[in-house]
Amino acid sequence: MNNEEFAKKIIETLGGAENILSATNCMTRLRVQLVKRDENIFAELKKLEGVLGTNLDGDELQIILGPGKATNITNAVNEIIKPKIGDGKILHEQIRAKNATPIKLFFKKIANIFMPLIPGFIACGLITGLVGIALKISPELAEDNFIKLLMVAGNAVFWGMNLFVGYNAGKIFGGTPIIGGVLAALITHPGLKDISFFGENLLPGRGGIISVILIAAFAAWLEKNLHKIIPEMFDLFLTPLFTVLISGATAIFILQPVGGTISDAIGTLATGLIETGGAFAGFILAGIWLPLVMFGIHQAFTPIHVDLIARYGFTILLPILAMAGAGQVGAAAAVYFKTKNKFLKKTIASALPVGMMGIGEPLIYGVTFPLGKPFIGACIGGAFGGAVQANAVVGAATLGISGLPLAATTNNVAVYLLGVLVAYVAGFIATWLLGFEDPQEN
């Protein structure tokens, strides 16, 4: 089936266009809100070739399709249902409001700041990683102008990161995006080092993206309130002026120092945890990561990874946490060899390659979590892989990718791949020993 035919099949399975209030997507999932949800929908969706799994988050039905496919199918679905959803959007917003919790909304808001940056992180991180591998093989390449240009390209997203984050944060928090970008540029500007207050020179970029987020949030709040009190005839001129002046002063004297303290604490805590806890810390972090993903708490780690990359050039947490996905691969492989269910075997065969590439949702929601004990086996496998990564303090120069592709961005490719292999094997053995109740054929 092409994308349009596949979209029509999904719509038909969901009860027709009239039953769909809205359709959105993330990197791997089509997310729909339905007027009515029949429990048989889940089983029917899983029968469709190309559907890797399903999940329910409140009243939002998530259909796992994989990277790229999720975007294309969502676009096709929206083209079909657009003329028919009408005022359903109002009900959709009411449903979302009912299911939204403050913590979930906060994590989602923070994650949404970085979501548009992920392709840039992936591209630049891979360029940096591949150049690093090339230089280890042939150090003399460091003098080659083409390699130098690639090194600049690999650093591009990080060089402009504060501006990108400021712009996106201003937009997410409801302010004017460019003002968020301007304020990010203000606290990053190299000219600050020549200015001193109270006997101390200002420090450009202090607090990194943590400061930027705080400043953009404050500026958005201030701007919205200024709109209420400044007469309309002066609003166009005075609101942005006062927003930048007041927010800029607040940023320099209050929010940037606060952001710097938070950023320092994050860096000290993360590095200290791995340095003192070593393999044990990696074992625990990777072992609990899959449950954190299930609860959506993993989104809170995105700014931490970005801040660590900005401070040190790599994040030591991502290789550890990526082992949870590797453990999942090992667990699913054990299920494949042990199950007699042909449909389950087919699901695993299609989802395993994707899982090895770092997309874990199909295996979580289609295999290990529904079976119970294999999910525990996956956590155990991830824990052992995480111990390997933490023991060697492996770091990654990007975020947004996991699994085997992450290897190219790490500072120790051999140890990272060893950790992946350990997670595969440990996840396989743990799941094989724990066993599971083999589902009956329908």
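Residues numbered from 1 in each chain as written. Predicted model: local features only at pLDDT ≥ 70, side-chain atom pairs only at ≥ 80, totals over all residues. Heavy atoms only, no water.

Draft legend 1. Local environment of the layout of surface pockets. Quantified by volume, the second largest pocket comes out at close to 800 Å³. The element best represented in the lining of the second largest pocket is helix α15 (residues 361–371), accounting for six residues. (1 Å grid on protein atoms, 1.4 Å probe; cavity = no way out; pocket = protein on both sides within 12 Å on 5 of 7 lines; lining within 4 Å. Points joined across faces, edges and corners; volume = space filled by probe spheres on them. Helix = DSSP H or I, 4+ residues; strand = E, 2+ residues; numbered from the N terminus.)

Draft legend 2. Geometry of the sheet that holds strand β2 (residues 29–34). Read across the open sheet, the four strands follow the order β1-β2-β4-β3; overall the sheet is antiparallel. The sheet is open, and its two edges are formed by β1 (20–25) and β3 (53–57), each paired on a single side. In this sheet, adjacent strand axes meet at a mean angle of 25° when their direction is disregarded. As defined by bridge partners, β2 adjoins strand β4 (residues 60–64) across five bridges and the pair is classed as antiparallel. Pairing of Gln-33 across the sheet is with Glu-60, part of β4. (Pairing = 2+ DSSP bridges. Axes fitted to C-alpha atoms, helices over the stretch in contact; angles between N-to-C directions.)

Draft legend 3. Highlighting the pattern of salt bridges. The tally for this structure, following the rule as stated, stands at three salt bridges. Two residues, Glu-4 and Lys-8, come together in a salt bridge whose shortest N-O distance is 3.6 Å. In this pair, Glu-4 and Lys-8 both sit in helix α1 (residues 3–13), four residues apart, roughly one turn of the helix. Under the relative-accessibility criterion, Glu-4 is labelled partly exposed at 45%. (Salt bridge = Lys/Arg side-chain N within 4 Å of Asp/Glu carboxyl O. Buried < 20%, exposed > 50% of the residue type's maximum accessible area, 1.4 Å probe, protein only.)

Draft legend 4. Representation of the confidence of the model for the protein chain. Scored by pLDDT, the protein chain comes out at a mean of 85, with 93% of its residues at no less than 70. Of the regions scoring below 50 in pLDDT, residues 85–95 engages in 10 contacts with residues more than four places distant in sequence or in other chains. (pLDDT = per-residue confidence, 0-100. Contact = heavy atoms within 4.5 Å.)

Draft legend 5. Region of the structure containing empty space enclosed by the protein. By the definition in use, this model includes one cavity of 30 Å³ or more. Each pocket or cavity is described by its volume, and for the largest cavity that value is around 40 Å³. Lining of the largest cavity is provided by Gly-170, Gly-175, Thr-176, Ile-179, Gly-180, Ala-216, Ala-219, Ala-220 and Glu-223. Elements that contribute at least two residues to the lining of the largest cavity include exactly α9 (177–188) and α10 (208–229). Here the element with the most residues in the lining of the largest cavity is α10; it accounts for four residues. For the lining of the largest cavity, a count of residues per class yields four nonpolar, four polar and one charged. (Nonpolar A, V, L, I, M, F, W, Y, C, P; charged D, E, K, R; others polar.)

Draft legend 6. Examining the packing of helix α13 (residues 317–338) against helix α14 (residues 342–356) more closely. At a closest axis distance of 10 Å, the pairing of α13 and α14 adopts a crossing angle of 155°. In terms of orientation, α13 lies roughly antiparallel with respect to α14. With respect to the hand of their crossing, α13 and α14 are arranged in left-handed fashion. Between α13 and α14, the contacting residues are Val-329, Ala-332, Ala-333, Val-335, Tyr-336 and Phe-337 on the first element and Leu-344, Lys-345, Ile-348, Ala-349, Leu-352, Gly-355 and Met-356 on the second. (Parallel < 35°, antiparallel > 145°, perpendicular 65-115°, else oblique. Left-handed = near helix turned anticlockwise from the far one by under 90°.)

Draft legend 7. Representation of the nonpolar core in the model. One finds Phe-114 and Val-165 to be the most contacted residues of the largest nonpolar core, which totals 84 residues. The residues contacting Phe-114, other than those within four sequence positions of it, are Val-165, Ile-209, Ile-213, Thr-302, Pro-303 and Val-306. (Core = buried A, V, L, I, M, F, W, Y, C linked by side-chain atoms within 4.5 Å.)

Draft legend 8. Spotlight on helix α8 (residues 161–172). With 12 residues, α8 should reach 16 Å at 1.5 Å per residue; the first-to-last C-alpha distance of 16 Å fits that figure. All of the buried residues in α8 are Met-161, Asn-162, Val-165, Gly-166, Asn-168, Ala-169 and Gly-170. Of the residues flanking the end of α8, it is Gly-174, one or two places downstream, whose phi is positive at about 90°. (Expected span 1.5 Å × (residues − 1).)

Draft legend 9. Just the environment of Gly-248, in detail. You can see Gly-248 is positioned in helix α11 (residues 232–295). Note: C-alpha distance between Gly-248 and Ala-219 (29 residues apart in sequence) is 8.6 Å. When near neighbours in sequence (up to four residues on either side) are disregarded, Gly-248 contacts Leu-183, Leu-186 and Thr-243.

Draft legend 10. Here's a closer look at the pairing of β4. Among the five residues of β4, five are classified as buried, and the element is accordingly described as predominantly covered. As judged from the five bridges shared by β3 and β4, these two strands associate in the antiparallel manner. When the sheet's bridge partners are listed, Leu-56 is paired in β4 with Leu-61.

Draft legend 11. Highlighting the environment of Met-357. Take Met-357: it is sitting in the loop between α14 and α15. The spatial distance from the C-alpha of Met-357 to the C-alpha of Ala-390 is 21 Å, given a sequence separation of 33 residues. In this structure Met-357 touches Ser-402, Gly-403 and Pro-405, once residues within four positions along its chain are discounted.

Draft legend 12. Structural detail: the side chain of Thr-54. Here Thr-54 is to be found in strand β3. A relative accessible area of 7% means that Thr-54 is categorised as buried. Here Thr-54 is in contact with Phe-42, Leu-45, Lys-46, Gln-62, Ile-64 and Tyr-365, once residues within four sequence places are set aside.

Draft legend 13. Summary view of the pairing of β1. Relative to β2, β1 runs antiparallel, the two sharing five bridges. By the bridge assignment for β2, Thr-24 is matched with Arg-31.

Draft legend 14. Structural detail: a nonpolar patch on the surface. Nonpolar side chains collect at one region of the surface, where Phe-280, Phe-283, Ile-284, Ile-288, Ile-376, Ile-380, Phe-384 and Leu-434 lie side by side and expose about 690 Å² of accessible area between them. Elements represented by at least two residues in the nonpolar patch include exactly α11 and α16 (373–392). Top contributing element to the nonpolar patch by residue count: α11, with four residues. Here Phe-283 shows up in helix α11. On the basis of relative accessible area, Phe-283 is assigned to the partly exposed category, the value being 31%. (Patch = residues over 30% accessible without salt bridge, like charges linked within 9 Å, V, L, I, M, F, W, Y side chains within 5 Å. Areas by Shrake-Rupley, 256 points an atom, 1.4 Å probe, with all protein chains shown as cover.)

Draft legend 15. Inspection of unusual backbone geometry at higher detail. In the Ramachandran plot, Phe-198 falls in the positive-phi region, its phi being about 55° despite a non-glycine side chain. One can find Phe-198 in the loop between β5 (196–197) and β6 (200–201). Owing to a relative accessible area of 79%, Phe-198 belongs among the exposed residues under this scheme. Here Val-393, not a glycine, exhibits a phi torsion of approximately 50°, which is positive. Here Val-393 shows up in the loop between α16 and α17 (413–434).

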